[in-house]
Amino acid sequence: MRIISTLVIVFFIVLQSCKTKNNDVVVVPDDWPTDSIRILKNNLNFPWEILWGKDDFIWMTERGGKISKINPKTKEVVFSTSLPDAVSNGEGGLLGLVQHPDFLTNGFFYAVYNYNNGGNYLEKLVQFKFINNNLQTVATIIDNIPASSIHNGSRLWITTEAAPKLFMTTGDASVANNALRTSSLSGKVLRFNLDGSIPADNPISGSPIWSLGHRNPQGLVMANGIMYASEHGPNVEDEVNIIEKNRNYGWPTVTGPCNDPAEITFCAANNVKEPIWSSGNVTFAYCGMDYYNNDRIAAWKNCLLLTSLKDANLRVLKLSTDGLSVVSEQQLFKNKFGRIRDICVSPAGRVYLCTGNGGNADVLVEISQP
Ligand SMILES: [Ca+2]
Ligand SMILES: [Ca+2]
Ligand SMILES: [Ca+2]
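Bear in mind the structure is a predicted one, so any value in this text is a computation, not a measurement.

A. Focus on the overall build of the protein chain. Helices and strands together make up the secondary structure of the protein chain, namely three helices and 24 strands. For 370 residues, the compact-globule estimate of 2.2 N^0.38 gives 21 Å, and the C-alpha radius of gyration of the protein chain, at 23 Å, lies within 12% of that figure. Its C-alpha atoms put the protein chain at 95 × 50 × 45 Å along the principal axes. Within the protein chain, the fraction of its 370 residues that count as buried is 43%. Across the protein chain, contacts joining residues at least 24 apart in sequence account for 51% of those joining residues at least 6 apart.

Okay, structure coming up:
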């Protein structure tokens, strides 16, 4: 009798464990903490870029000039330094950062920051080398770009093609008309070779200008061969654009789509490319943007994820299969973290957000489930 009851208990234990297994919703293929939302860092001050590095660390800039390398699993800062000539002024300071495709072997990365030169507030793109847990300056790719306490663009992206190209966004630095002038590097998407030289197939010989008519693009990501940029609108029309060679994106003459008579005339005459998404009569101040296509959060597959400063949320834009249009959208985490400045995604599909609230009260958080 005792043997039979023992067998019955064992049978139920086995049945129960099978049931639990079948009912598991979350697949945890590694020993990562399983919290759906985990605070990795607090007491940050205006982080601007978070990047999932090729070394599987998070690389982060803070506007005041600090670059940090963070172990996302243990939360430990394993390297940190400050750029002595980066000058924070309003929205300016140390901004975008991107790693060279061969970072793991050559340690190269690029960062954009604002600096002072003889009373002028300017912007430059600098190549660095990270070696023996130290930072060396390699070369200035470009400098003397106008900067301002607002509208400094500064997101970076490196393509994965055979001869990779380095893209950088610039804002209008509060001189709106410069965005349409090819004599100014303000309000542009710029394109360089990785050594800083100008690619021979850029639209204007000897110029890094790739596209023009941008107000303040602060999100830049390439997915499935398509380059997407997010851009702050004035009091209307935040935009998501597909960036193409030698196209005009309209600012300051056009906001959002070409939909009033003056805009329609200008757009037809100037090869203007309309946004694939815009915010209409309101603005949310979308800044950082990344592309998501991981099974971990299935609802976000083939989506652009945009971080909002003003609306303090994450906007999820579902792309069409061809990536050329937005088919649906969703807004999440409203006011949960405050103003959200930037985003990165790990190969395991975890999403990282950093805030832009200031006062040494900013956070870096990990989202493992929606
Ligand atoms: Ca980022
Ligand atoms: Ca536009
Ligand atoms: Ca319009």
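B. Up close: the pairing of strand β8 (residues 120-131). The sheet contact formed by strand β7 (residues 108-117) and β8 spans 10 bridges and is antiparallel. Directly across from Y113, in β8, lies its bridge partner K124. Taking the residues between adjacent antiparallel strands as the criterion, β7 and β8 are bridged by two residues, where G118 takes a positive phi near 55°. Sheet topology note: the β8/strand β9 (residues 134-146) ladder contains nine bridges and is antiparallel. Along β9, the bridge assignment pairs L122 with P146. Connecting the antiparallel pair β8 and β9 is a turn made up of two residues, with N132 showing a positive phi of about 50°.

C. Quick peek at unusual backbone geometry. Looking along the chain, the bond that leaves W251 and enters P252 is cis, with omega of 5°. Turning to its location among the elements, P252 is positioned in the loop between β16 (239-242) and α3 (261-269). The phi dihedral of N144 is positive, around 60°, even though this residue is not glycine. With respect to the helices and strands, the residue N144 is situated in strand β9. When the 12 C-beta atoms within 10 Å are taken as the criterion, N144 is described as exposed.

D. Seen up close, the sheet that holds strand β11 (residues 165-169). The sheet built from four strands is open, its strands ordered β10-β11-β12-β13 with antiparallel pairing. Since the sheet does not close on itself, it has two edges, and those belong to β10 (156-158) and β13 (209-212), each with one partner. Mean inter-strand twist for the sheet, computed between neighbouring axes without regard to direction, equals 20°.

E. Region of interest: the sheet that holds strand β5 (residues 77-82). Spatially, four strands are ordered β2-β3-β4-β5 in an open sheet, and the strand pairing comes out antiparallel. Edge positions in the open sheet fall to β2 (47-52) and β5, since each of these has one partner strand only. The mean inter-strand angle of the sheet, taken between neighbouring strand axes irrespective of direction, is 15°. With five bridges joining them, strand β4 (residues 66-70) and β5 adopt antiparallel strand pairing. Note that in β5 the partner of I67 across the bridge is T81.

F. Looking closely at the pairing of strand β20 (residues 314-319). Pairing geometry for strand β19 (residues 303-308) and β20, over five bridges, is antiparallel. Residue pairing for β20: L305 is matched across the bridge by V316. Between β19 and the antiparallel strand that follows it, β20, lie five residues; A312 among them carries a positive phi value of about 50°. Adjacent in sequence and paired antiparallel, β20 and strand β21 (residues 326-332) are bridged by six residues, among which G323 carries a positive phi angle near 75°.

G. Region of the structure containing the nonpolar core. With 85 residues, the main nonpolar core has L156 and L305 as its most contacted residues. Counting residues per element, this core draws most heavily on β7, which supplies six residues. Among all residues touching L156, those that are not within four sequence positions of it are G96, L97, V98, Y110, V112, L166, F167, M168 and L220.

H. Inspection of the environment of I50 at higher detail. Along the chain, the position of I50 falls in strand β2. Put simply, I50 and L364 are 314 residues apart on the chain and 8.7 Å apart in space, counted from C-alpha to C-alpha. Setting aside residues up to four positions removed in sequence, I50 forms contacts with I58, M60, D342, I343, C344, Y352, C354 and L364.

I. Representation of α3. In terms of residue burial, α3 counts as a barely covered element, since only zero of its nine residues are buried. In the stretch just after α3, N271 is the one whose phi turns positive, near 55°.

J. Molecular detail of the environment of L97. Structurally, the position occupied by L97 is in strand β6 (residues 94-99). As a C-alpha pair, L97 and M168 span 71 residues in sequence and 10.0 Å in three-dimensional space.

K. How the structure looks around the environment of K41. Considering the arrangement of structural elements, one finds K41 in strand β1 (residues 37-44). For K41, a count of 20 C-beta atoms within 10 Å puts it in the buried group. Distance from K41 to P72, taken between C-alpha atoms, is 9.5 Å for residues 31 residues apart in sequence. Apart from the residues lying within four places of it in its own chain, the contact partners of K41 are I70, K75, V363 and L364.

What counts, and where the lines are drawn
- Residues numbered from 1 in each chain as written.
- Chains lettered and ligands numbered in written order.
- Predicted model: local features only at pLDDT ≥ 70, side-chain atom pairs only at ≥ 80, totals over all residues.
- Helix = DSSP H or I, 4+ residues; strand = E, 2+ residues; numbered from the N terminus.
- Rg over C-alpha atoms; globule rule 2.2 N^0.38 Å.
- Buried ≥ 20, exposed ≤ 12 C-beta atoms within 10 Å, placed from the backbone.
- Contact = placed C-beta atoms within 7 Å.
- Pairing = 2+ DSSP bridges.
- Axes fitted to C-alpha atoms, helices over the stretch in contact; angles between N-to-C directions.
- Core = buried A, V, L, I, M, F, W, Y, C linked by C-beta atoms within 7 Å.

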